[in-house]
Amino acid sequence: MKMFKRLICLALVAILCVGLVACGGSGETSVPEPSSEDTGSHREPYKEEAPKTVLEDTDHEFDHEEIKWDGPEGYVIVVPAGNKQAKKTAVMLQDYYKTQDVTLQIVTDNTAAKEKEILIGKTKRPQSAKDLAEADLEASIKDGKLVFDGGHDVTVDMAVGKFIQLKPTKEQAFTFKLTTDFATTIFLDDYKYVWGDEFEGTDVDFSKWAFNAKMSAYVDAPISYDREITNVEDGRLKLRGIRCFDPENEKARFKMPVSVVTQWNMMFTFGYAEIRARMPFFTGAWPSFWTQSSTGVAGDARKCLDYMVEIDVFEVFGSWKGEVVSTIHKWYDTSRYNYGEIHNKLDSDGKPVSHTGYSKPRKWWTAPNPDTINYEYHTYGWEWTPDVMRIYVDEEFIMEYNLNETTDLYDNMEGFRDPEYIIFNNHITSRAAGDAGFYTVGAIDDNLEMLPANYFIDYFRLYQVPGVGKIYIDETPWRTYPDRK
């Protein structure tokens with residue numbers, strides 16, 4: 001019996017020793033054994049769960065009918081002669097069918113009509129509709145021809161984009177007729193549509209947008225332009241902040257989009273810029289719609305070099321209440337105008353400040369329904385005239401800035417009349433962001449159940465009053481990002 005007890009004791013001691021070794025002798029959770037799919041990292045890959053939502057985003061869905069069609073083999077695409085936008089739309093359709101191993105020729109409507117044609121816009125062919133309202137679009141089969149119609153070049157492009165979204169295959173087509181919210185005029189008098197993007201394609205349009213790191217990454221949250229983070233699909237520009245696992249970067253726990261900008265393709269002075277979007281409203285989320293007057297496609301049109309202007313049309317500072325706020329800034333070039341030294345203004349470290357912000361009177365817009373705001377689409381607008389800037393949400397006036405009154409001790413507001421370019425960001429902030437001294441809107445670490453942080457932009461539209469302001473456009477892609485995954 002004594003021998004048996006000794007054996008039991010020895011066994012218990014052995015088990016205890018094994019347990020201590022497994023826990024590192026510290027009482028901490030043991031590191032799991034590598035699986036057969038081990039990546040070489042000591043961490044288990046993060047498996048993203050389906051987002052826990054209370055609402056389903058069906059905003060991009062539309063009624064359509066699937067039909068049999070003998071194309072696209074043997075067809076040609078016909079566009080109105082001299083219509084550059086229709087030609088660009090045709091190339092989008094041509095590129096799509098190349099993925100189906102079909103190469104389609106693009107011709108103008110000055111050519112002789114053929115039996116097998118795909119018509120885009122107001123061609124001279126009798127099958128093309130000529131009387132649609134500008135907000136209407138249609139995809140139809142007429143006399144065996146696939147016909148894309150719209151009351152404006154923008155809605156024609158939307159029709160083709162929506163058709164591609166349905167992913168037609170050979171001998172398959174889709175027909176539909178829709179009335180959109182597109183308009184060439186707005187609720188403000190005299191403004192006319194001049195430029196925009198409805199995001200109806202299958203990728204970011206690099207003749208309009210580029211990627212540029214306008215906000216900082218963090219040690220555990222790199223920025224990226226990979227398609228899982230930044231993409232165009234379902235008629236939306238989708239910017240997503242996510243949890244991630246990167247075996248090549250042990251510190252990375254999150255991933256967020258690089259800035260999406262018009263810097264090298266479109267800049268403007270004066271007008272009304274509007275987006276329709278859903279945004280993340282919770283602690284750690286920092287989506288924004290903003291602008292800067294730095295270098296870009298406008299070249300040397302910028303006249304004020306003492307400071308760069310930044311307009312924060314809106315930012316969501318980690319607000320779970322559904323609040324957005326606007327601010328305007330001057331970023332000084334201290335070699336030209338050292339604001340801090342001239343006016344004896346020092347920062348918290350005792351150094352001369354080189355930046356001032358202004359938001360007076362600061363008025364927050366608060367969503368009527370904070371419980372559902374993460375899934376709601378609203379319009380966010382910015383009106384800019386030589387004398388005033390005004391902020392709108394859902395066409396409701398929120399606040400304004402008087403551009404004839406200085407925002408700080410430097411009595412110069414000319415920078416607010418220099419060309420600006422558009423910037424979109426969907427940042428998330430981790431504890432590492434705060435540790436590094438970056439501005440933080442709370443730690444996403446405390447809100448992991450809210451991820452992914454989805455910022456979906458339905459459209460960007462720019463309107464100007466004829467004869468007031470300028471627009472600078474270059475459709476040459478600044479970069480094409482061949483390394484994009």
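Starting afresh in each chain, residues are numbered from 1 along the sequence in its written order. Predicted model: local features are reported for residues with pLDDT of at least 70 only, side-chain atom pairs are reported and counted for 80 or more only, and whole-chain, interface and lining totals are derived from all residues. Only hydrogens and water are set aside when side-chain values are computed; all heavy atoms of the structure are taken into account.

Peer 1: Which parts of the structure should I look at to understand the overall build of the protein chain?
Peer 2: Labels follow the DSSP assignment, with helices taken as runs of H or I lasting at least four residues and strands as runs of E lasting at least two, numbered in each case from the N terminus. From N to C terminus, the protein chain includes five helices and 27 strands. Partly exposed describes any residue whose relative accessible area lies between the buried limit of under 20% and the exposed limit of over 50%, with all areas from a 1.4 Å probe on protein chains only and scaled to the type maximum. When burial is assessed residue by residue, the protein chain has 52% of its 485 residues classed as buried. Whether two residues are in contact is decided by their heavy atoms, any of which lying within 4.5 Å being enough. Counted over contacts in the protein chain with a minimum sequence separation of 6, partners at least 24 positions apart contribute 74%. Surface exposure of the protein chain reaches about 23400 Å², of which carbon and sulfur atoms provide 51%. Each accessible area is a Shrake-Rupley estimate made with a 1.4 Å probe; only the visible protein chains count as cover when residues are assessed.

Peer 1: Quick question: what am I supposed to make of the pattern of salt bridges here?
Peer 2: Any two side chains of opposite charge can pair, given that their charged atoms come close. Within this document, salt bridges are pairs made up of a side-chain nitrogen of Lys or Arg and a carboxyl oxygen of Asp or Glu, the two lying within 4 Å of each other. Taken as a whole and assessed by the stated rule, the structure comprises 30 salt bridges. Between Lys170 and Glu73 there is a salt bridge; the shortest N-O distance is 3.7 Å. Remark: Glu73 occurs in the loop between strand E1 (65-68) and strand E2 (76-79) and Lys170 occurs in the loop between helix H3 (153-165) and strand E7 (172-179); sequence separation between them is 97 residues. For Glu73, a relative accessible area of 41% puts it in the partly exposed group. In this structure, the salt-bridge partner of Lys145 is Glu117, at a minimum N-O distance of 2.7 Å. On the criterion of sequence distance, the pair formed by Lys145 in strand E6 (residues 145-150) and Glu117 in strand E4 (residues 117-120) is long-range, its members being 28 residues apart. This pair shows no difference in class: Lys145 is buried, exactly as Glu117 is. Overlapping salt bridges bring together Asp59, Arg236, Arg276 and Asp458 as one network.

Peer 1: Help me understand the environment of Tyr455 in this model?
Peer 2: Mapped onto the elements, Tyr455 comes out in strand E26 (residues 453-464). Assessed through its relative accessible area of 0%, Tyr455 is described here as buried. Between the C-alpha atom of Tyr455 and that of Thr230, which follows or precedes it by 225 residues, the distance is 9.9 Å. Distance and chemistry together define a polar contact, namely a pair of N or O atoms within 3.5 Å, with one atom able to donate a hydrogen and the other to accept it when in protein, and with adjacent residues in sequence counting only for side-chain atoms on both sides. A polar contact of 3.3 Å, which involves the side chain of Tyr455, links it to the backbone oxygen of Ser288.

Peer 1: Please clarify how the packing of helix H2 (residues 84-98) against H3 should be interpreted in this entry.
Peer 2: Pairs of packed helices are described in terms of their axes, by the angle between the two and the distance that separates them. To obtain an axis, a line is fitted to C-alpha atoms, over the contacting stretch when the element is a helix, and the angle between two such axes runs from 0 to 180 degrees between their N-to-C directions. At their nearest, the axes of H2 and H3 sit 9 Å apart, and the two run at 5° to each other. By the criterion of interaxial angle, the relationship of H2 to H3 is roughly parallel. On H3, the residues that touch Gln85, Thr89, Met92, Leu93, Tyr96 and Tyr97 of H2 are Asp153, Val156, Asp157, Val160, Gly161, Phe163 and Ile164. Of the residues in the contact of H2 with H3, the class split is eight nonpolar, three polar and two charged. The scheme is simple: roughly parallel for angles under 35 degrees, roughly antiparallel for over 145, roughly perpendicular for 65 to 115, oblique for anything else. Throughout this entry, Asp, Glu, Lys and Arg are counted as charged residues, while Ala, Val, Leu, Ile, Met, Phe, Trp, Tyr, Cys and Pro are counted as nonpolar. The remaining residues, Gly among them, count as polar.

Peer 1: Just checking my understanding: could you explain the packing of aromatic side chains for this structure?
Peer 2: The geometry of an aromatic ring pair is captured by the separation of the ring centres together with the interplanar angle, meaning the angle of the planes. Here a Phe, Tyr or Trp ring, Trp counted by its six-membered ring, pairs with any other such ring whose centre lies within 6.5 Å, and the pair is stacked when the planes are under 30 degrees apart, edge-to-face when over 60, and tilted otherwise. Per the stated rule, a full pass over the model turns up 42 aromatic pairs. Here Phe289 and Phe460 contribute two aromatic rings whose centre-to-centre distance is 6.4 Å and whose plane-to-plane angle is 90°, an arrangement assigned as edge-to-face. One end of the pair, Phe289, is in strand E17 (residues 285-292); the other, Phe460, is in strand E26, with 171 residues separating them in the sequence. Phe460 shares its class with Phe289; the two are buried. The rings of Trp195, Phe199, Trp209, Phe289, Phe314, Trp365, Tyr380, Phe424 and Phe460 are connected pair by pair, giving a single aromatic cluster. Charge-over-ring placement is defined geometrically: NZ (Lys) or CZ (Arg) within 6 Å of the ring centre, and within 35 degrees of the ring normal. The ring of Trp195 is capped by Lys208, whose NZ or CZ atom sits 5.8 Å from the centre of that ring. A cation over an aromatic ring shows up here: Lys238 above the ring of Phe456, its NZ or CZ 4.9 Å from the ring centre.

Peer 1: What am I meant to see in the sheet that holds E2 here?
Peer 2: In any sheet, the strands associate via hydrogen bonds between backbone groups, in a parallel or an antiparallel arrangement. Think of it this way: DSSP has to see at least two bridges between two strands before they count as a pair. A sheet is described by the order of its strands in space; here seven strands give the open sequence E1-E7-E5-E6-E4-E2-E3, paired in mixed fashion. Looking at the sheet topology across the chains shown, the edges are occupied by E1 and strand E3 (105-108). Taken over all neighbouring pairs, the strand axes of this sheet differ in orientation by 25° on average, direction set aside. One ladder, built from four bridges, connects E2 with E3; its direction is parallel. Among the inter-strand pairings, Val76 is bridged to a residue of E3, identified as Gln105. Along the sheet, H2 contacts E2, E3, E4 and E6; its crossing angle with E2, the most-contacted strand, is approximately 160°.

Peer 1: Can you help me understand the nonpolar core in this one?
Peer 2: Considering soluble globular proteins, one finds that nonpolar side chains tend to be buried as a cluster. Residues belong to one nonpolar core when they are buried, are Ala, Val, Leu, Ile, Met, Phe, Trp, Tyr or Cys, and are joined through side-chain atoms within 4.5 Å. In terms of nonpolar packing, the biggest core is built from 79 residues, with Ile275, Phe289, Phe424, Tyr455 and Phe460 touching the most fellow members. Excluding its chain neighbours within four sequence positions, the residues that come into contact with Phe424 are Trp209, Leu237, Leu239, Val258, Ser259, Val260, Ile275, Ser288, Phe289, Tyr455, Ile457 and Phe460. Residues Phe62, Ile118, Leu137 and Ile164 belong to the second largest nonpolar core, which totals 39 residues.

Peer 1: Help me out: how do you make sense of H3 in this one?
Peer 2: An α-helix turns once every 3.6 residues. As a result, residues three or four positions apart point the same way. Between its terminal C-alpha atoms H3 stretches 18 Å, which fits the 18 Å expected from 13 residues at 1.5 Å a residue. Every buried residue of H3 is listed here: Val154, Thr155, Val156, Met158, Ala159, Val160, Gly161, Lys162, Phe163, Ile164 and Gln165. Elements that come into contact with the buried residues of H3 comprise H2, E4, strand E5 (136-142), E6, E7 and strand E8 (192-197). Following H3 by one or two positions, Lys167 has its phi on the positive side, about 55°. Helix span is expected to be 1.5 Å times the residue number reduced by one.

Peer 1: Would you mind going over the environment of Asp205 with me for this structure?
Peer 2: With respect to the helices, strands and loops of the structure, Asp205 is situated in the loop between E8 and strand E9 (210-212). With 270 residues separating them along the chain, Asp205 and Glu475 place their C-alpha atoms 9.6 Å apart. Beyond its immediate sequence surroundings of up to four residues, Asp205 is in contact with Lys88 and Asp197. There is a polar contact of 2.6 Å between the side chain of Asp205 and the side chain of Ser207.

Peer 1: Looking at this structure, how should I read the confidence of the model for the protein chain?
Peer 2: Close reading of the predicted structure is inappropriate where its pLDDT is low. Residue-level confidence of the predictor is what pLDDT reports, using numbers from 0 through 100. Averaged over the protein chain, the pLDDT score is 89; the fraction of residues at 70 or greater is 89%. A low-confidence stretch, residues 1-41 stays under pLDDT 50, and its non-local contacts, those more than four residues away or across chains, total eleven contacts.

Peer 1: How do you make sense of the side chain of Thr123 when you look at a structure like this?
Peer 2: Structurally, Thr123 is set in the loop between E4 and E5. Look at Thr123 and you get buried, because its relative accessible area is 1%. One polar contact links the side chain of Thr123 to the main-chain amide nitrogen of Arg125, over a distance of 3.2 Å. In this structure, Thr123 is in contact with Val78, Val79, Pro80, Asp109, Ser128 and Lys130, ignoring residues within four places of it in sequence.

Peer 1: What should I look at first to understand H2 in this one?
Peer 2: The terminal C-alpha atoms of H2, which comprises 15 residues, lie 21 Å apart, in line with the 21 Å expected from a rise of 1.5 Å per residue. If you check which residues of H2 are buried, you get Ala86, Thr89, Ala90, Leu93, Gln94, Tyr96 and Tyr97. End-on view of H2: buried residues confined to an arc of 160°, all on one side of the axis. Those residues of H2 that are buried lie in contact with E2, E3, E4, E6 and H3. The opening residue of H2, the one whose side-chain oxygen lies 3.2 Å from the backbone nitrogen of Gln85, is Asn83. Note: the arc covers the axis-to-C-beta directions of the helix.

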